[in-house]
Amino acid sequence: MTPYARRGVHGQTVEALARRILGGRIPEGATLDLVALQGELDVSLTALRESLKVLAAKGMIDARQKRGTFVRPRADWNLLDADVLRWRFEGDAGDEGEGGDRALLRDLAEMRAIVEPAAVRLAAARRTGTDLAALDAALAAMGERDAGPAHAVDADLAFHRALLAATHNELLDRMRLVLESGLAHRDRIVHGSPDSGDPVPAHRAVLDAVRDRDPHAAEAAMHALLDQAHRDQHRISNAGPDETRDIEGTPRHR
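Cut-offs used in this document
Residues numbered from 1 in each chain as written. Predicted model: local features only at pLDDT ≥ 70, side-chain atom pairs only at ≥ 80, totals over all residues. Heavy atoms only, no water. Pairing = 2+ DSSP bridges. Helix = DSSP H or I, 4+ residues; strand = E, 2+ residues; numbered from the N terminus. Axes fitted to C-alpha atoms, helices over the stretch in contact; angles between N-to-C directions. Parallel < 35°, antiparallel > 145°, perpendicular 65-115°, else oblique. Contact = heavy atoms within 4.5 Å. Nonpolar A, V, L, I, M, F, W, Y, C, P; charged D, E, K, R; others polar. Polar contact = N/O pair within 3.5 Å; in protein donor to acceptor, adjacent residues only side chain to side chain. Core = buried A, V, L, I, M, F, W, Y, C linked by side-chain atoms within 4.5 Å. Buried < 20%, exposed > 50% of the residue type's maximum accessible area, 1.4 Å probe, protein only.

Draft legend 1. The pairing of strand 1 (residues 61–64), seen in detail. As defined by bridge partners, strand 1 adjoins strand 2 (residues 68–71) across 4 bridges and the pair is classed as antiparallel. Within strand 2, the residue paired with I61 across the bridge is V71. Taking the residues between adjacent antiparallel strands as the criterion, strand 1 and strand 2 are bridged by 3 residues, where K66 takes a positive phi near 75 degrees.

Below, the structure is given as structure tokens:
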């Protein structure tokens, strides 16, 4: 799941086609008119075919004799692929729409609620001095409140990336590729708002429990962090006037 390089005409062509498919402008089951696409995108047929190979590897399209190149059913798409997630989050508002964006953020929150509390328990049991140094550096960067939203996003990503690495579980560590695209999008919404709260205390509580090798406290601190993150996003997005909900869906009145 190595992220696809976004350089050059080839990369631009891949992303243009991916977003058309993800946004439904090229629907499931549709047969692609390669000659028409070549003209619309102003690329060579060779470049177009090479771009389609990238999307085929992600389960989005296929090609067969007598039918040609077509869009596969959504159930076949690799929705956990880092590029597919990024394309969905960075797509035009008219693609999946505001409702689609909220649904994707909801799915991300639910996945984080399952993965990260369990991961932080392992991190508390297995962390090394190197892991703690990486977490300390990310937390220190997070505390630089005047460095701007982009810096805040990078610091938050670094912290959660270091937590997954501290599990010393290769499969969980690779989950960073799934989480990062969605978390970066969510962070840009939250940290780009003047109403965003201070993320340091909740993250410090997680780090302190990991440092103390206390898996129960680490899990509780992560649940609290995710709950706060959800409330911050909910408040900034104005998703509801009177109440918000925690990750598990329990109403929490403000």
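Draft legend 2. Layout of the packing of helix 2 (residues 34–41) against helix 3 (residues 45–57). As a packed pair, helix 2 and helix 3 sit with axes 10 Å apart at the nearest point and diverge in direction by 105 degrees. When the axes of helix 2 and helix 3 are compared, the pair comes out roughly perpendicular. The residues of helix 3 that touch helix 2, namely those facing L34, L37, Q38 and L41, are L45, L48, R49 and L52. The class makeup of the residues in the contact of helix 2 with helix 3 is 6 nonpolar, 1 polar and 1 charged.

Draft legend 3. Structural view of the side chain of R86. Locating R86 in the fold gives a position in helix 4 (residues 82–90). A polar contact of 2.9 Å, which involves the side chain of R86, links it to the side chain of E15.

Draft legend 4. Quick peek at the packing of helix 1 (residues 8–22) against helix 4. Between helix 1 and helix 4, whose axes approach to 10 Å, the crossing angle comes to 70 degrees. Between helix 1 and helix 4, the interaxial angle falls into the category roughly perpendicular. Only V84, R86, W87, R88 and E90 of helix 4 make contact with helix 1, whose side of the interface consists of V14, E15, A18, R19 and L22. Residue composition of the contact of helix 1 with helix 4, grouped by class: 5 nonpolar, no polar and 5 charged.

Draft legend 5. Quick peek at the nonpolar core. V120, L135, F159, L163, V206, V210 and M222 are the most contacted members of the largest nonpolar core, which has 25 residues in total. Of all the secondary-structure elements, those providing two or more residues to this core are helix 5 (93–126), helix 6 (129–142), helix 7 (149–165), helix 10 (200–211) and helix 11 (215–237). In contact with F159, other than residues within four places in its own chain, are L135, A138, L139, M142, H203, V206 and L207. Grouped together as the second largest cluster of nonpolar side chains are 23 residues, L22, L52, V54 and W77 included.

The quantities given are spatial measurements derived from coordinates; they are silent on function.
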